Amino acid sequence: MKMQLTKCFKVSYFWLILGGVWYPRSLENTRMLYAVNIYRVFGTIFINVGMLAIQFIYFFTVVGKDLDKTVDATALFTFVGYLYKAITVIKNRRRINKLLDIIDNETDKDDLLRNMAVNINFISYFYNGWACLTAIMWNLIPFTKATLTLPFYYPDLPPSSQWFVIWYIYQATILIINGVAQTSADHLFGGLMAFAATQLKLLQYKLEAIGTKTDSTMEIDGRAEKELTANPMIRTQLPNKAQREQEDYEETISCVEYHLKIIWFVEELTDIFGGAAFGQFVLAAPLICLSMFIIMTSSDVTEIVTRILYFGCLSGQLFIYCFCGNLIKTQSDLVATAAYNSHWTSTSVRTQKALHLLVIRGQKTISVVAGNLFELSLVTFGALLKSSYSFFAVLRKQHDE
């Protein structure tokens, strides 16, 4: 039975399916697909568009009138970012499935890939669980107020209204689904980047092993040189040097092709998710700033805890992008070194030429670029946090005045 490395995304699949963004490939070309598509339309209207409509109306009702309420209404931008990511996943579902198939069809199921799948699976439970807890806590904030309100305050209904409970359940439900589905999309993107980085690491091991067979053949030939003079029949029992050189050459060509496949994989990731990642970064700096502002100015313990959790989700989204993007950068920079560290001196001329081409290509860093403007790396993450703090300092000063 073929090992499915991408089972590590099963939790993210579930929430994306629940949000109407994804559907299992097992339902393709079946009658059930009609029902799934109906649900996806329903989910898009009542989950994604519904949440955005509530946020837009509330935001433009309070903007410019009350600074604290305006800040609180900026949760709108969180869902704008999610809608963009949802559209990206829906539009590029087949391309994403192709990337997932490449991972599952990897013939060399090295321990590196298995361990990465385990880590990605653990992160999915932790990260999506964190998002779910944040959404639940957000739904509890109205109960700490003097007068019970809706989680997002719109429409402005009194608790005695017959519509209050219905609207509360609706907002609470779509908040949880939207929140966790958003982190699931981030997890899917980050996980694919992590697999690309792991494949680069696996490529390095393969490159460093090139020439070892030829080296061992030369050592055996040297030890057996005197015995061969006395007994020529022993030669038939020794490894064939030409055969070993051919194997090294084939392995080198395999590494070159593997490297090209990884480059295509990363470029495809950039093309699919680069725009969504850019949108996330554009929205993240002010959102992080505003979350810090509410944490510092609120007197409601439940709200403070909720905002801390929310701050963790926001920074976690960016950290996953930047950390996994940084992994790809650092591992790609080591490919040329791994090729040079191989036993190339023991290989044939054609093998050395192939390795030389790989070294030249490996000197060009592979990276995931957001919106064709900046690379996803830890340097970018640090710059974003610095910008967020600058915005926070300005907002805090304005509030104090």
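Relevant structure appears above.
Position numbers for residues count from 1 along each chain, tracking the sequence in the order it is written. The predicted nature of this model means local features are confined to residues of pLDDT at least 70 and side-chain atom pairs, given and counted, to a pLDDT of 80 or more, with totals for whole chains, interfaces and linings taken over all residues. Water and hydrogen atoms were dropped before computing side-chain values, which therefore reflect all heavy atoms in the structure.

1. Overview of helix α5 (residues 93-104)
So, step 1. Segments assigned H or I by DSSP are reported as helices when at least four residues long, segments assigned E as strands when at least two residues long, and all are numbered from the N terminus. Take the residue count of a helix, subtract one, and multiply by 1.5 Å to get its expected span. Compared with the 16 Å implied by 1.5 Å per residue over 12 residues, the 16 Å span of α5 between its first and last C-alpha is a close match.
So, step 2. Among all positions in α5, only Arg93, Ile96, Asn97, Leu99, Leu100, Ile102, Ile103 and Asp104 are buried.
So, step 3. Only heavy atoms matter for contacts: two residues are in contact if any of them lie within 4.5 Å across the pair. Where the residues of α5 are buried, they touch α1 (10-18), α4 (75-91), α7 (164-208) and α10 (241-297). The buried label applies to any residue whose accessible area, calculated with a 1.4 Å probe on protein chains only, is under 20% of its type's maximum; exposed applies above 50%, and partly exposed to all values in between.

2. Here's the deal with the environment of His187
So, step 1. For His187, the location among the structural elements is in helix α7.
So, step 2. Sequence separation between His187 and Ile123 is 64 residues, and the spatial gap between their C-alpha atoms is 8.1 Å.
So, step 3. Once residues within four sequence positions are removed from consideration, His187 is found in contact with Cys8, Phe9, Ser12, Ile120, Ile123 and Ser124.

3. A look at the packing of aromatic side chains
So, step 1. For Phe, Tyr and Trp, where Trp contributes only its six-membered ring, two rings pair if their centres lie within 6.5 Å, and the inter-plane angle classes them as stacked under 30 degrees, edge-to-face over 60, or tilted in between. A full pass over the atoms with the stated rule returns 18 aromatic pairs.
So, step 2. Centre to centre, the rings of Phe42 and Phe46 are 4.6 Å apart; their planes meet at 35°, and the pair counts as tilted. One end of the pair, Phe42, and the other, Phe46, are both in helix α2 (residues 32-62), four residues apart, so they sit about a helical turn from each other.
So, step 3. The rule is short: NZ of Lys or CZ of Arg within 6 Å of the ring centre and within 35 degrees of the ring normal puts a charge over the ring. Sitting above the plane of the Tyr23 ring, Arg93 keeps its charged end 3.7 Å from the centroid.
So, step 4. A cation sits over an aromatic face here: Lys206 above Tyr258, 4.4 Å from the ring centre.

4. A short note on the nonpolar core
So, step 1. One finds Ile96, Phe189, Leu192, Phe195, Leu207, Ile328 and Leu376 to be the most contacted residues of the largest nonpolar core, which totals 93 residues.
So, step 2. Broken down by element, the residue count for this core peaks at 21 residues, all from α10.
So, step 3. To define a nonpolar core, start from buried Ala, Val, Leu, Ile, Met, Phe, Trp, Tyr and Cys residues and group those joined through side-chain atoms within 4.5 Å. Of all hydrophobic cores here, the second largest spans five residues; its members include Trp15, Ala131, Val180 and Cys313.

5. Description of the packing of α10 against helix α13 (residues 349-362)
A pair of packed helices is captured by two measures, namely the crossing angle of their axes and the spacing between those axes.
So, step 1. Axes here mean lines fitted to C-alpha atoms, for a helix over just the part in contact, with angles spanning 0 to 180 degrees between N-to-C directions. The geometry of α10 relative to α13 is characterised by a closest axis approach of 9 Å and an angle of 20° between their N-to-C directions. Between α10 and α13, the crossing angle belongs to the class labelled roughly parallel. When you trace α10 past α13, the crossing you get is left-handed. Every residue of α13 that contacts α10 at Glu245, Gln246, Asp248, Tyr249, Thr252, Ile253, Cys255, Val256, His259 and Ile263 is listed here: Arg350, Thr351, Ala354, Leu355, Leu358, Arg361 and Gly362.
So, step 2. Note on residue classes: Ala, Val, Leu, Ile, Met, Phe, Trp, Tyr, Cys and Pro are nonpolar, Asp, Glu, Lys and Arg are charged, and everything else, Gly too, is polar. A breakdown of the residues in the contact of α10 with α13 according to their chemical character gives eight nonpolar, five polar and four charged. Roughly parallel means an angle under 35 degrees; roughly antiparallel means over 145; roughly perpendicular covers 65 to 115; every other angle is labelled oblique. Left-handed describes a crossing whose near helix is turned anticlockwise from the far helix through less than a right angle; right-handed describes the clockwise counterpart.

6. Structural notes on the pattern of salt bridges
So, step 1. Salt bridge, as applied in this entry: a Lys or Arg side-chain nitrogen positioned within 4 Å of an Asp or Glu carboxyl oxygen. What the rule picks out here adds up to seven salt bridges.
So, step 2. Two residues, Asp101 and Arg25, come together in a salt bridge whose shortest N-O distance is 2.7 Å. Here Arg25 lies in the loop between α1 and α2 and Asp101 lies in helix α5, a separation of 76 residues in the sequence.
So, step 3. When its relative accessible area of 30% is taken as the criterion, Asp101 is described as partly exposed.
So, step 4. For Arg25, a relative accessible area of 36% gives the class partly exposed.
So, step 5. One salt bridge in this structure joins Asp186 and Lys85, with 2.8 Å as the shortest N-O distance. Separated by 101 residues along the polypeptide, Asp186 in helix α7 and Lys85 in helix α4 bring together distant segments of the chain. Note on accessibility: Asp186 and Lys85 belong to one class, buried.

7. Overview of the state of the cysteines
So, step 1. Criterion for a disulfide: a pair of cysteine sulfur atoms at a distance within 2.5 Å. Counted according to the given criterion, the structure contains zero disulfides.
So, step 2. As a non-bridged cysteine, Cys322 has Cys324 as the owner of its nearest cysteine sulfur, 9.6 Å distant.

8. Structural notes on the packing of α4 against α7
So, step 1. Between α4 and α7, the shortest axis-to-axis distance is 10 Å and the interhelical angle comes to 55°. Relative to α7, the element α4 is oriented oblique. Handedness of the α4/α7 crossing: left-handed. Taking contact as the criterion, the partners of Thr78, Phe79, Gly81, Tyr82 and Lys85 in α4 are, on α7, Leu175, Asn178, Ala181, Gln182 and Asp186.

9. A short note on the side chain of Ser332
So, step 1. Along the chain, the position of Ser332 falls in helix α11 (residues 301-333).
So, step 2. At a separation of 3.1 Å, a polar atom in the side chain of Ser332 contacts the main-chain amide nitrogen of Ile366.
So, step 3. Aside from chain neighbours lying at most four places away, what touches Ser332 is Leu200, Gly362, Thr365 and Ile366. Counting of polar contacts relies on pairs of N or O atoms within 3.5 Å, with two restrictions inside protein: one atom must be capable of donating a hydrogen and the other of accepting it, and residues adjacent in sequence are counted only when both atoms are side-chain atoms.

10. Digging into the side chain of Ser291
So, step 1. If you trace the backbone, Ser291 turns up in helix α10.
So, step 2. A polar contact is formed between the side chain of Ser291 and the backbone oxygen of Leu287, at a distance of 2.9 Å.
So, step 3. In this structure, Ser291 is in contact with Arg307, Tyr310, Phe311 and Leu314, ignoring residues within four places of it in sequence.

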